[in-house]
Amino acid sequence: MPRLKRSARACAELTEAANRVSQRLARAVEKERSQFVVAAPNEGKTSRAAMTTPAKQTKQPEEGEEESVLVCVRVRPAGGADGEAGWTVDQTTITQAAGKHCGERYRFDAVCGTDVHTEQVYERSCREVVGGLLVGRSGTIVAYGQTASGKTHTTQGVMRLACEQVFDEGTAEGGVRVWASYLEVYDEKLTDLLDARSSVQVKDKPVVRVVGAHEVRIGSPNALDAVVNRGERNRKRGATRLNAKSSRSHAVLRLRVETDVRGVRFEATLCVVDLAGS
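The structure contained in this document is the topic of the report that follows. (Residues numbered from 1 in each chain as written. Predicted model: local features only at pLDDT ≥ 70, side-chain atom pairs only at ≥ 80, totals over all residues. Heavy atoms only, no water.)

**Side note on helix H5 (residues 221-232)**
Item 1. Its twelve residues give H5 an end-to-end C-alpha distance of 16 Å, which sits within 8% of 16 Å, the value for a rise of 1.5 Å per residue.
Item 2. Among the residues of H5, those classed as buried are Pro221, Leu224, Val227, Val228, Gly231 and Glu232. In a view along the axis of H5, the buried residues occupy a sector of 135°, so they form one face of it. (Helix = DSSP H or I, 4+ residues; strand = E, 2+ residues; numbered from the N terminus. Expected span 1.5 Å × (residues − 1). Buried < 20%, exposed > 50% of the residue type's maximum accessible area, 1.4 Å probe, protein only. Arc of directions from axis to C-beta.)

Below is the structure:
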(Lines give C-alpha, C1' and ligand atoms only; values in the text may rest on other atoms or scores of the structure.)
Protein backbone atom coordinates (compact mmCIF):
# COMPACT_ATOMS: atom_id res chain seq x y z
CA MET A 1 0.00 0.00 0.00
CA PRO A 2 1.63 3.30 -1.03
CA ARG A 3 2.32 5.85 1.67
CA LEU A 4 2.49 9.57 0.85
CA LYS A 5 3.86 12.07 3.33
CA ARG A 6 4.78 15.76 3.24
CA SER A 7 8.34 16.56 4.30
CA ALA A 8 9.10 18.25 7.60
CA ARG A 9 10.96 20.92 5.64
CA ALA A 10 7.72 21.82 3.83
CA CYS A 11 5.95 22.15 7.20
CA ALA A 12 8.73 24.40 8.47
CA GLU A 13 8.48 26.58 5.36
CA LEU A 14 4.74 26.94 5.94
CA THR A 15 5.32 28.09 9.51
CA GLU A 16 8.00 30.55 8.42
CA ALA A 17 5.63 32.00 5.80
CA ALA A 18 2.91 32.46 8.42
CA ASN A 19 5.42 34.11 10.76
CA ARG A 20 6.46 36.58 8.07
CA VAL A 21 2.83 37.55 7.53
CA SER A 22 2.33 37.97 11.28
CA GLN A 23 5.35 40.26 11.51
CA ARG A 24 4.08 42.37 8.63
CA LEU A 25 0.68 42.69 10.27
CA ALA A 26 2.29 43.56 13.60
CA ARG A 27 4.06 46.54 12.07
CA ALA A 28 0.96 47.70 10.22
CA VAL A 29 -1.59 47.51 13.04
CA GLU A 30 0.54 47.77 16.13
CA LYS A 31 -2.10 49.50 18.23
CA GLU A 32 -5.31 47.95 16.96
CA ARG A 33 -7.59 45.35 18.60
CA SER A 34 -8.55 43.11 15.70
CA GLN A 35 -7.24 39.57 15.58
CA PHE A 36 -5.84 37.87 12.51
CA VAL A 37 -6.37 34.26 11.53
CA VAL A 38 -3.55 33.37 9.16
CA ALA A 39 -3.96 30.10 7.31
CA ALA A 40 -1.24 28.48 5.20
CA PRO A 41 -2.57 25.51 3.25
CA ASN A 42 0.08 25.03 0.57
CA GLU A 43 3.80 25.47 0.06
CA GLY A 44 5.89 26.97 -2.69
CA LYS A 45 3.14 29.19 -4.09
CA THR A 46 2.52 32.93 -4.33
CA SER A 47 0.47 34.81 -1.75
CA ARG A 48 -1.60 37.94 -2.22
CA ALA A 49 -2.61 38.05 1.45
CA ALA A 50 -1.26 41.51 2.25
CA MET A 51 -2.77 44.56 3.86
CA THR A 52 -3.17 47.60 1.63
CA THR A 53 -4.55 51.12 1.82
CA PRO A 54 -6.42 52.85 -1.06
CA ALA A 55 -3.12 54.31 -2.22
CA LYS A 56 -1.62 50.88 -2.73
CA GLN A 57 -2.71 48.01 -4.94
CA THR A 58 -2.47 44.37 -3.92
CA LYS A 59 -0.46 42.30 -6.39
CA GLN A 60 -2.73 39.65 -7.89
CA PRO A 61 -1.40 36.12 -8.49
CA GLU A 62 -0.43 35.13 -11.99
CA GLU A 63 -2.90 33.01 -13.92
CA GLY A 64 -2.70 29.40 -12.77
CA GLU A 65 -0.89 30.23 -9.51
CA GLU A 66 -2.26 29.08 -6.18
CA GLU A 67 -2.02 31.18 -3.03
CA SER A 68 -0.10 29.80 -0.07
CA VAL A 69 -1.25 32.19 2.68
CA LEU A 70 -4.75 33.44 3.42
CA VAL A 71 -5.38 36.23 5.95
CA CYS A 72 -8.74 36.60 7.67
CA VAL A 73 -9.51 39.42 10.14
CA ARG A 74 -12.01 38.94 12.94
CA VAL A 75 -13.10 42.15 14.67
CA ARG A 76 -13.73 41.86 18.39
CA PRO A 77 -16.98 43.25 19.88
CA ALA A 78 -17.01 46.91 20.86
CA GLY A 79 -16.53 48.02 24.44
CA GLY A 80 -14.58 46.29 27.17
CA ALA A 81 -11.09 47.33 28.10
CA ASP A 82 -10.47 49.35 24.95
CA GLY A 83 -13.77 51.25 24.71
CA GLU A 84 -15.83 51.58 21.56
CA ALA A 85 -14.49 50.12 18.35
CA GLY A 86 -14.17 52.39 15.34
CA TRP A 87 -14.36 50.08 12.34
CA THR A 88 -16.70 49.49 9.44
CA VAL A 89 -16.31 46.16 7.62
CA ASP A 90 -17.48 44.23 4.61
CA GLN A 91 -16.49 40.84 3.23
CA THR A 92 -12.89 41.74 2.37
CA THR A 93 -12.16 45.25 3.69
CA ILE A 94 -11.97 47.00 7.05
CA THR A 95 -12.07 50.80 7.38
CA GLN A 96 -11.22 52.90 10.42
CA ALA A 97 -14.26 55.03 11.22
CA ALA A 98 -12.87 57.16 14.06
CA GLY A 99 -9.67 58.67 15.37
CA LYS A 100 -6.76 60.32 13.59
CA HIS A 101 -6.59 57.51 11.01
CA CYS A 102 -10.28 57.75 10.15
CA GLY A 103 -10.91 56.68 6.56
CA GLU A 104 -7.89 54.40 6.22
CA ARG A 105 -8.95 51.22 4.50
CA TYR A 106 -7.32 47.79 4.54
CA ARG A 107 -8.02 44.79 2.32
CA PHE A 108 -7.66 41.13 3.26
CA ASP A 109 -8.78 37.77 1.91
CA ALA A 110 -11.68 37.78 4.38
CA VAL A 111 -13.04 40.10 7.08
CA CYS A 112 -15.48 38.96 9.77
CA GLY A 113 -17.45 41.55 11.75
CA THR A 114 -18.48 41.46 15.39
CA ASP A 115 -21.68 39.52 14.63
CA VAL A 116 -19.82 36.61 12.99
CA HIS A 117 -19.43 33.40 15.00
CA THR A 118 -16.34 31.20 15.13
CA GLU A 119 -18.02 28.63 12.87
CA GLN A 120 -18.27 31.24 10.11
CA VAL A 121 -14.65 32.32 10.61
CA TYR A 122 -13.67 28.67 10.26
CA GLU A 123 -15.66 28.19 7.06
CA ARG A 124 -14.09 31.24 5.44
CA SER A 125 -10.48 30.71 6.46
CA CYS A 126 -9.75 27.21 7.79
CA ARG A 127 -11.93 24.51 6.24
CA GLU A 128 -9.87 24.19 3.06
CA VAL A 129 -6.64 23.95 5.04
CA VAL A 130 -8.00 21.18 7.26
CA GLY A 131 -9.51 19.33 4.30
CA GLY A 132 -6.04 19.05 2.78
CA LEU A 133 -4.93 16.85 5.69
CA LEU A 134 -7.00 13.98 4.33
CA VAL A 135 -4.89 13.84 1.17
CA GLY A 136 -1.50 14.36 2.81
CA ARG A 137 -1.25 18.16 2.65
CA SER A 138 -0.02 19.69 5.90
CA GLY A 139 -1.14 23.14 7.02
CA THR A 140 -0.70 25.85 9.65
CA ILE A 141 -3.29 28.17 11.22
CA VAL A 142 -1.95 31.13 13.22
CA ALA A 143 -3.92 33.58 15.39
CA TYR A 144 -2.22 36.95 15.90
CA GLY A 145 -3.52 39.99 17.77
CA GLN A 146 -3.18 42.24 20.76
CA THR A 147 -3.96 40.94 24.24
CA ALA A 148 -7.72 40.69 24.94
CA SER A 149 -8.55 40.51 21.22
CA GLY A 150 -9.92 36.98 21.55
CA LYS A 151 -7.17 34.85 20.00
CA THR A 152 -7.42 31.96 22.47
CA HIS A 153 -11.22 31.97 22.23
CA THR A 154 -10.98 31.71 18.44
CA THR A 155 -8.17 29.14 18.28
CA GLN A 156 -9.87 26.80 20.73
CA GLY A 157 -13.00 26.94 18.61
CA VAL A 158 -10.93 26.28 15.50
CA MET A 159 -9.24 23.29 17.18
CA ARG A 160 -12.62 21.70 17.95
CA LEU A 161 -14.03 22.38 14.49
CA ALA A 162 -10.90 21.05 12.78
CA CYS A 163 -11.14 17.81 14.76
CA GLU A 164 -14.82 17.44 13.87
CA GLN A 165 -14.06 17.93 10.18
CA VAL A 166 -11.18 15.45 10.20
CA PHE A 167 -13.26 12.72 11.83
CA ASP A 168 -16.37 13.39 9.73
CA GLU A 169 -14.61 13.48 6.37
CA GLY A 170 -11.88 10.98 7.21
CA THR A 171 -14.32 8.35 8.41
CA ALA A 172 -16.44 8.84 5.30
CA GLU A 173 -13.38 8.33 3.07
CA GLY A 174 -12.33 5.06 4.66
CA GLY A 175 -10.58 5.61 7.98
CA VAL A 176 -8.73 8.19 10.07
CA ARG A 177 -6.34 8.16 13.02
CA VAL A 178 -5.39 11.29 14.96
CA TRP A 179 -2.70 12.08 17.52
CA ALA A 180 -2.33 15.40 19.38
CA SER A 181 0.59 17.14 21.07
CA TYR A 182 0.48 20.56 22.73
CA LEU A 183 3.59 22.72 23.11
CA GLU A 184 4.44 26.08 24.64
CA VAL A 185 7.11 28.57 23.63
CA TYR A 186 7.96 30.93 26.49
CA ASP A 187 11.12 32.98 26.98
CA GLU A 188 12.63 31.14 24.01
CA LYS A 189 12.13 27.79 25.74
CA LEU A 190 10.02 24.92 24.41
CA THR A 191 7.83 23.05 26.92
CA ASP A 192 5.45 20.12 26.58
CA LEU A 193 2.10 21.22 28.02
CA LEU A 194 0.89 17.62 28.28
CA ASP A 195 3.93 16.15 30.05
CA ALA A 196 6.40 18.40 31.87
CA ARG A 197 8.85 15.47 32.02
CA SER A 198 9.18 15.30 28.25
CA SER A 199 12.51 16.39 26.83
CA VAL A 200 11.28 18.41 23.86
CA GLN A 201 13.88 19.63 21.41
CA VAL A 202 14.03 21.36 18.04
CA LYS A 203 16.35 19.63 15.58
CA ASP A 204 17.53 21.31 12.39
CA LYS A 205 19.23 18.38 10.67
CA PRO A 206 18.44 16.91 8.24
CA VAL A 207 15.32 19.10 8.43
CA VAL A 208 13.76 21.37 11.09
CA ARG A 209 11.54 19.29 13.36
CA VAL A 210 10.37 18.91 16.97
CA VAL A 211 11.28 15.66 18.73
CA GLY A 212 10.34 14.27 22.12
CA ALA A 213 6.82 15.71 22.39
CA HIS A 214 4.24 13.58 24.18
CA GLU A 215 1.48 12.50 21.78
CA VAL A 216 -2.05 11.48 22.79
CA ARG A 217 -4.25 9.33 20.54
CA ILE A 218 -7.49 11.24 19.89
CA GLY A 219 -10.68 9.29 19.30
CA SER A 220 -13.22 12.12 19.15
CA PRO A 221 -13.58 15.94 19.29
CA ASN A 222 -14.51 15.63 22.98
CA ALA A 223 -11.21 13.86 23.61
CA LEU A 224 -9.37 16.73 21.94
CA ASP A 225 -11.21 19.23 24.15
CA ALA A 226 -9.94 17.35 27.20
CA VAL A 227 -6.36 17.45 25.90
CA VAL A 228 -6.54 21.18 25.15
CA ASN A 229 -8.03 21.96 28.57
CA ARG A 230 -5.31 19.93 30.22
CA GLY A 231 -2.63 21.84 28.35
CA GLU A 232 -4.20 25.26 28.94
CA ARG A 233 -3.94 24.74 32.70
CA ASN A 234 -0.16 24.59 32.30
CA ARG A 235 0.30 27.70 30.13
CA LYS A 236 2.14 30.78 31.37
CA ARG A 237 -0.30 33.61 32.12
CA GLY A 238 -0.07 37.07 33.61
CA ALA A 239 -2.16 40.17 34.19
CA THR A 240 -2.00 43.13 31.81
CA ARG A 241 -3.89 46.40 31.70
CA LEU A 242 -6.29 44.93 29.14
CA ASN A 243 -6.52 41.32 30.27
CA ALA A 244 -6.29 39.87 33.79
CA LYS A 245 -5.44 36.39 32.42
CA SER A 246 -3.38 37.17 29.36
CA SER A 247 -1.47 34.32 27.70
CA ARG A 248 2.20 35.20 28.02
CA SER A 249 3.38 32.35 25.81
CA HIS A 250 2.88 30.97 22.32
CA ALA A 251 0.95 27.69 22.24
CA VAL A 252 1.07 25.18 19.37
CA LEU A 253 -1.43 22.36 19.02
CA ARG A 254 -0.10 19.75 16.62
CA LEU A 255 -2.53 17.25 15.09
CA ARG A 256 -0.93 14.34 13.25
CA VAL A 257 -3.47 12.76 10.94
CA GLU A 258 -3.31 9.44 9.11
CA THR A 259 -6.01 8.57 6.58
CA ASP A 260 -6.82 5.76 4.18
CA VAL A 261 -8.48 7.11 1.04
CA ARG A 262 -9.56 4.48 -1.46
CA GLY A 263 -6.64 2.22 -0.61
CA VAL A 264 -4.01 4.97 -0.39
CA ARG A 265 -2.53 5.94 2.98
CA PHE A 266 -1.72 9.58 3.72
CA GLU A 267 -0.11 11.33 6.65
CA ALA A 268 -0.13 15.08 7.32
CA THR A 269 0.17 17.53 10.20
CA LEU A 270 -1.94 20.51 11.21
CA CYS A 271 -0.42 23.14 13.52
CA VAL A 272 -2.78 25.58 15.24
CA VAL A 273 -0.77 28.42 16.79
CA ASP A 274 -2.11 30.76 19.49
CA LEU A 275 0.46 33.55 19.67
CA ALA A 276 1.02 35.44 22.92
CA GLY A 277 -0.82 38.75 23.27
CA SER A 278 1.20 41.62 21.82
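**Some words on the packing of aromatic side chains**
Item 1. The final tally for this structure, using the stated rule, is zero aromatic pairs.
Item 2. Sitting over the ring of tryptophan 179, arginine 256 keeps its end group 4.3 Å from the ring centre. (Phe/Tyr/Trp six-rings, centres within 6.5 Å; stacked < 30°, edge-to-face > 60°. Lys NZ or Arg CZ within 6 Å of the ring centre and 35° of its normal.)

**What to know about the pairing of strand E10 (residues 189-192)**
Item 1. As judged from the four bridges shared by strand E9 (residues 176-186) and E10, these two strands associate in the antiparallel manner. When the sheet's bridge partners are listed, tyrosine 186 is paired in E10 with lysine 189.
Item 2. The antiparallel pairing of E9 with E10 creates a hairpin that spans two residues between the two strands, and aspartate 187 there sits at a positive phi of about 55°. (Pairing = 2+ DSSP bridges.)

**Points about the pattern of salt bridges**
Pairing is possible between side chains that carry opposite charge, provided their charged atoms lie close to one another.
Item 1. According to the stated counting rule, one finds 14 salt bridges in the structure shown.
Item 2. Put simply, glutamate 169 and arginine 127 hold a salt bridge, and the shortest N to O gap is 3.3 Å. In this pair, glutamate 169 sits in helix H4 (residues 151-173) while arginine 127 sits in helix H3 (residues 127-131), placing the two residues 42 residues apart along the sequence.
Item 3. On the basis of relative accessible area, glutamate 169 is assigned to the partly exposed category, the value being 28%.
Item 4. Salt bridges sharing common partners tie together Arg177, Glu215, Arg254, Arg256, Glu258, Asp260, Arg265 and Glu267. (Salt bridge = Lys/Arg side-chain N within 4 Å of Asp/Glu carboxyl O.)

**Observations regarding the side chain of arginine 256**
Item 1. Positionally, arginine 256 belongs in strand E16 (residues 250-261).
Item 2. By relative accessible area, arginine 256 is classed as buried at 16%.
Item 3. A distance of 2.8 Å separates a polar atom in the side chain of arginine 256 from a polar atom in the side chain of glutamate 215.
Item 4. Aside from chain neighbours lying at most four places away, what touches arginine 256 is Arg177, Val178, Trp179, Glu215, Glu267, Ala268 and Thr269. (Polar contact = N/O pair within 3.5 Å; in protein donor to acceptor, adjacent residues only side chain to side chain. Contact = heavy atoms within 4.5 Å.)

**A look at the environment of valine 111**
Item 1. Relative to the helices and strands, valine 111 is located in strand E7 (residues 110-112).
Item 2. A relative accessible area of 2% places valine 111 in the buried class.
Item 3. Put simply, valine 111 and valine 73 are 38 residues apart on the chain and 4.7 Å apart in space, counted from C-alpha to C-alpha.
Item 4. Excluding residues within four positions of it along the chain, valine 111 makes contact with Val73, Val89, Asp90, Gln91, Thr92, Thr93, Ile94 and Arg124.

**Looking at the nonpolar core**
Across soluble globular proteins, nonpolar side chains have a tendency to be buried as a group.
Item 1. Within the largest apolar cluster, 31 residues are counted, with the highest numbers of intra-cluster contacts made by Val130, Val178, Tyr182, Ile218, Leu224, Leu253 and Leu270.
Item 2. Per-element tally for this core: the top contributor is H4, with seven residues.
Item 3. Not counting chain neighbours up to four residues away, the residues in contact with isoleucine 218 comprise Cys163, Phe167, Val178, Trp179, Ala180, Ala223, Leu224 and Val227.
Item 4. Formed by nine residues, the second largest nonpolar core is a distinct cluster that contains Val73, Tyr106, Phe108 and Val111. (Core = buried A, V, L, I, M, F, W, Y, C linked by side-chain atoms within 4.5 Å.)

**Concerning unusual backbone geometry**
Item 1. A cis amide bond links lysine 205 to the next residue, proline 206, at an omega of 0°.
Item 2. Of note, proline 206 is situated in the loop between strand E11 (201-203) and strand E12 (209-211).
Item 3. The backbone of glutamate 188 sits at a positive phi, close to 65°, despite the residue not being glycine.
Item 4. With respect to the helices, strands and loops of the structure, glutamate 188 is situated in the loop between E9 and E10.
Item 5. Even without being glycine, arginine 262 reaches a positive phi, approximately 50°.
Item 6. You can see arginine 262 is positioned in the loop between E16 and strand E17 (264-274).

Worth remembering: the numbers are spatial, not functional.
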